[in-house]
Amino acid sequence: MKPVLGKISSLLLGTTLITSALAATDGELAKVMKDRGLSEIDVVRAAKTYNPTGVKDKYVVFSSGGQSGQMLVYGVPSMRLLKYIAVFTPEPWQGYGYDKDSLEILRQGNIRGREINWGDTHHPALSETDGKYDGKWLVINDKANPRIAVIDLEDFETKQIVPNPVFKSEHGGAFFTPNSDHILEAAQYAAPFDNEYHPIEDYKETYRGGVTVWKFDSKIGRIIPKDSFTLELPPYMQDLSDSGKGISDGWGFTNSFNTEMYTGGIEVGMPPNEAGMSRNDTDFLHVYNWKKLYELSKDPKNVKIVNDHKIIPIEIAVKNDALFLIPEPKSPHGVDVDPTGQYLVVCGKLDTHASVYDFKKIQKLISNKEYAGKDPFGIPILDMKKSLHGQLELGLGPLHNQYSPVDGEIYTSLYVDSQVVKWNFKELKVLDKENVHYNIGHLAGMEGKSADPQGEYIIALNKLSIDRFQNVGPLHPQNHQLIDISGKTMDLLVDMPLPLGEPHQAVAIRAEKLHPHVRYEMGTNTKTGEQHIGKTLAGQERIERNGNHVTVYATLVRSHINPERITVNKGDKVTIHMTNLERAQDETHGFTVDNFDVHASLEPGETSTIEFNADIEGVFPYYCTEFCSALHLEMMGYLMVKDPNKKYESAQKIKMQTMTPEQLKAEYDKTVAVNAATDSVIQSVVKFLKDNKFGDHKVVADLVTDALDQYGKIPEQKKLSDEAVKAGDMEKAILFENMIWQLMVKTADVGIRAKDTLVRLIATKQSDAAARGEKTFAEGGCNGCHVIGKVSSGPDLTGVLQRHENGEKWVADFILDPEKMYGEPYVKGMIDYFNLKMPNQHMSQEETKDIIEYLKWIDENANLF
Ligand code: K7E
Ligand code: CUA
């Protein structure tokens, strides 16, 4: 064995397995490495990120989707994309913006009465309890159209959008306070708070920046606008913010640039903004006591009202010792509070240093009223040196920070150097640097900005991907790179393209903290969490007309939509309420009416509504848009729009050939017999499940519930079938019997899944060899002829090792070289009986051994098959 492989194998397999497993993997691994040109370190990195099928990730990442107005969800370490969450932009898969209820959410984001259908998402934030992520709520800001959206992590759906009533642009949002009582949102480009025109010459007088402190009710997960307020700030361009925690709880911190208050004017011969806005060596870190300001905001004396929203003027904040400025290196970007709340790390993107401020020092200066001066708006300035713990030169273009569980350890992105630097902010020492691909913006640690950072990984959110991926045209995807930080030095593991927009920031949470549900209570309006006004149960389906408004109460369940025909007049307003009656996990039905630009996604138990004007005449199929079952294509119906002013002639009836009564009777009998046979299979499965106490296992019990749900619908169909027989309509009776068969197949489908799951749970534990053997048995095609527990096109192999003297050897010989034994009397008999010869599947010695171990495991559990 080559030494290289020895090392990898021990890494991959752990030391205990090496001896037996190596022989099997060694040759193949070496071959794959050679074929794909992989080095040892490549393979180690691959192993660190690879999830075998069914294995889930340890962390879940919520990434902003930039200009897409959506969010992305992916897993770490596999970097597999899991979902897009529709937020500020219509998204048809989820029906977002295409059904009535989600459209109402999207329209909450209207600004001054006008629809906005996109967003520029930058900073997602997870709700916190004691500064630690609690996995309940997710919020994100829109920089372009200043708004905050709230997403419920029970179903990953957007529930609320709140426009900022006074800002015209924002960036420093969204940041939760440590118990999610408030959300901070800082402005970006200063503008007048009111909605009127003010000349740019009046910039200093009438343009303003600010921080909005949104009240958040963490029980219901909603922003409460009437309990919220905005702290007026000078027209410095506010930037990123952070909320204090621990000893700085109650305080907020917001960076700024353009404290020069430069207003540009290339077109009138002035130097451009970029020059004028970065002239000074320092800008201001805003330090404010949001808790005190919140109390102040409750007294009308302290606020002025603009656009129905409370503003605390600068003077009031200053008078109450709630607002201060501290110089910070020019044009900073991130300000990040450490897990204890004592230190704030500010990175000046035009400075090579990171500045570490000490909140204890800041507090002392404030309580001693020791000011270095005042800004033009009368805000006290604290001395920079006296507020600093220290500064450290990191490299070019430091932007953002993430923390690790190691005391003092911090990771900072270097935009210009395209590096991640690991350093100690207490000892002010650089520890390690890792090159990333071009131009990293934010970086995401695992809960790296919470009070409980987990370390392990850092993700570099790179702005460019240049040559990393297949060229897909001039617009390239962005590139997230996963870095292993568990060792002494960082190690870049893998790249992931993000093809949706520019993901400015991402937040990661331990997957075990998320508990989304898989179904809704029947008839839920998922946007409000309440019972939907259109909730419809089986048997309640109906079409109601009120003047020219037609309301349909429909249900969807595998595999039909009820009703299947909706006839309206041209010009009618049509409302269709739909309820997905399914209880089974992942049984979503989609719904659209062709040509009407509507779409709904109905998760199990959900009720949703689509609405449109039937303004064109014609026949419009409607159908389920999710491939939900074998009869998904049949899950359809017709919307027929008649012109009330037209007369329609019925087309000539073509005489169809029909069956004779005898033929019909024969078909009916056959269908009933098939149903009886299917039912006995179901009964045997049910008996097995009961005998083996399925109720002790939640997963199995859930599947049984799903199965019984289908089975429970049979008596009703049977009744209809019997009535049809009585009425002499055999044609109809056959169709109802067919429906019964459909329900039985669905029952059996889930029932057998339940049985298989139960067998796995109660069978003796498989040895590694037996597990490999099972895989080989399946992949090698053995199960094409042999079904365990049953004679099929080959003999049942349960007990095969006992059927022959020296059984293990006999079976092994037979697998390895069956031709040689065709002449043996026993084998000859079998060949005659099954009219089939056991083929040579070219199993290796090792594989054959594994299969025998698998057969032994079967014999141990023979009663279960
Ligand atoms: Cu792009 Cu936080 Cu908006 Cu920095 S932000 S990179
Ligand atoms: Cu329901 Cu396809």
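Residues numbered from 1 in each chain as written. Chains lettered and ligands numbered in written order. Predicted model: local features only at pLDDT ≥ 70, side-chain atom pairs only at ≥ 80, totals over all residues. Heavy atoms only, no water.

A few words on the overall build of the protein chain. Helix and strand counts for the protein chain come out as 19 helices and 44 strands. Principal axes of the C-alpha set define a box for the protein chain whose edges measure 105 × 85 × 50 Å. Relative to its 865 residues, the protein chain shows a buried fraction of 53%. In the protein chain, once contacts between residues fewer than 6 apart in sequence are set aside, the share between residues at least 24 apart is 62%. Only carbon and sulfur atoms are counted for the fraction: they give 54% of the accessible area of the protein chain, which is about 40200 Å². Averaging the coordinates of the 96 positive side-chain charges in the protein chain and doing the same for the 122 negative ones gives two points 2 Å apart. (Helix = DSSP H or I, 4+ residues; strand = E, 2+ residues; numbered from the N terminus. Buried < 20%, exposed > 50% of the residue type's maximum accessible area, 1.4 Å probe, protein only. Contact = heavy atoms within 4.5 Å. Areas by Shrake-Rupley, 256 points an atom, 1.4 Å probe, with all protein chains shown as cover. Lys, Arg positive; Asp, Glu negative; His and termini not counted. Charge placed at Lys NZ, Arg CZ, Asp CG, Glu CD.)

Moving on, we get to the packing of aromatic side chains. Within the structure shown, the criterion is met by 22 aromatic pairs. Here tyrosine 59 and tyrosine 457 contribute two aromatic rings whose centre-to-centre distance is 6.3 Å and whose plane-to-plane angle is 80 degrees, an arrangement assigned as edge-to-face. Residue tyrosine 59 is located in strand E1 (residues 59–64), and its partner tyrosine 457 is located in strand E29 (residues 455–462); the two are separated by 398 residues in the primary sequence. Taken individually, tyrosine 59 and tyrosine 457 each receive the classification buried, so the pair is uniform in this respect. Ring geometry for phenylalanine 596 and phenylalanine 620: centres 5.0 Å apart, planes at 75 degrees, overall edge-to-face. Highlighted residues: phenylalanine 596 in the loop between strand E40 (589–593) and strand E41 (600–602) and phenylalanine 620 in strand E43 (residues 618–623), separated in sequence by 24 residues. Taking the relative accessible area as the measure of exposure, phenylalanine 596 reaches 10% and is therefore buried. (Phe/Tyr/Trp six-rings, centres within 6.5 Å; stacked < 30°, edge-to-face > 60°.)

Judged by nonpolar contacts, the single largest core of 36 residues is most densely connected at Leu689, Phe777, Val811, Val827, Ile851 and Leu855. Counting residues per element, the ones that place at least two in this core are helix H11 (661–691), helix H12 (698–711), helix H14 (730–762), helix H15 (768–779), helix H16 (800–803), helix H17 (807–816), helix H18 (825–834) and helix H19 (845–860). The two domains that each donate at least three residues to this core are domain 4 (661–762) and domain 5 (768–864). The residues contacting valine 811, other than those within four sequence positions of it, are Val800, Leu801, Ile852 and Leu855. Ranked by size, the runner-up nonpolar core spans 35 residues in total, among them Phe229, Tyr236, Phe257 and Val318. (Core = buried A, V, L, I, M, F, W, Y, C linked by side-chain atoms within 4.5 Å. Domains from an automatic or database assignment.)

It is worth spelling out the packing of H12 against H14 at this point. The geometry of H12 relative to H14 is characterised by a closest axis approach of 8 Å and an angle of 165 degrees between their N-to-C directions. By the criterion of interaxial angle, the relationship of H12 to H14 is roughly antiparallel. Between H12 and H14 lies a crossing of left-handed hand. Across the interface between the two elements, Val699, Val700, Leu703, Val704, Asp706, Ala707, Gln710 and Tyr711 of H12 pack against Leu743, Lys746, Thr747, Val750, Gly751, Arg753, Ala754, Thr757, Leu758 and Leu761 of H14. Here the residues of the contact of H12 with H14 are counted per class, giving 11 nonpolar, four polar and three charged. (Axes fitted to C-alpha atoms, helices over the stretch in contact; angles between N-to-C directions. Parallel < 35°, antiparallel > 145°, perpendicular 65-115°, else oblique. Left-handed = near helix turned anticlockwise from the far one by under 90°. Nonpolar A, V, L, I, M, F, W, Y, C, P; charged D, E, K, R; others polar.)

Time to look at the side chain of glutamate 170. Here glutamate 170 is to be found in strand E8 (residues 170–176). Looking at glutamate 170, its side chain comes within polar contact range of the side chain of asparagine 141, at 2.6 Å. Ignoring sequence-local partners within four residues, the contact set of glutamate 170 consists of Asn141, Asp142, Lys143, Pro146, Arg147, Ile148, Glu185, Ala186, Ala187 and Gln188. (Polar contact = N/O pair within 3.5 Å; in protein donor to acceptor, adjacent residues only side chain to side chain.)

Listed under "domain: Cytochrome c" (unreviewed entry) in the UniProt record, and renumbered for this structure, are residues 768–859. Strand forms 0% of residues 768–859 and helix 55%; the C-alpha atoms that close the span are 16 Å apart. (UniProt positions renumbered as here; feature names shortened; annotations may be inferred.)

Detailed reading of the predicted coordinates is not advisable wherever pLDDT falls low. The pLDDT averaged across the protein chain works out to 92; a share of 96% of its residues lies at or above 70. Confidence drops under a pLDDT of 50 for residues 1–24, and excluding neighbours within four residues, the segment shows 25 contacts in the predicted structure. (pLDDT = per-residue confidence, 0-100.)

Under the criterion given, the structure shown has 41 salt bridges. We note a salt bridge from arginine 107 to glutamate 115, for which the minimum N-O separation is 3.1 Å. You can call glutamate 115 exposed: its relative accessible area is 52%. One salt bridge connects lysine 646 with glutamate 617, and the closest N-O pair in it is separated by 2.9 Å. Of the two residues, lysine 646 is situated in the loop between strand E44 (636–642) and H11 and glutamate 617 in the loop between strand E42 (607–613) and E43; the sequence distance between them amounts to 29 residues. For lysine 646, a relative accessible area of 45% corresponds to the partly exposed category. Judged by relative accessible area, glutamate 617 falls into the partly exposed class, the value being 31%. When salt bridges that share partners are traced, they join Asp155, Glu157, Lys159 and Lys527 into one network. (Salt bridge = Lys/Arg side-chain N within 4 Å of Asp/Glu carboxyl O.)

Our next topic: the sheet that holds E40. Two modes of strand pairing occur in sheets, parallel and antiparallel, and in both the strands are linked by backbone hydrogen bonds. Pairing within the open sheet is mixed, and its five strands lie in the order E38-E44-E43-E40-E41. The sheet terminates laterally at strand E38 (565–569) and E41, the two strands that pair on one side only. Averaged over all pairs of adjacent strands, the angle between their axes in this sheet comes to 20 degrees, without regard to strand direction. Across six bridges, E43 lies against E44 in antiparallel orientation. The partner of glycine 618 across the bridge, within E44, is valine 641. (Pairing = 2+ DSSP bridges.)

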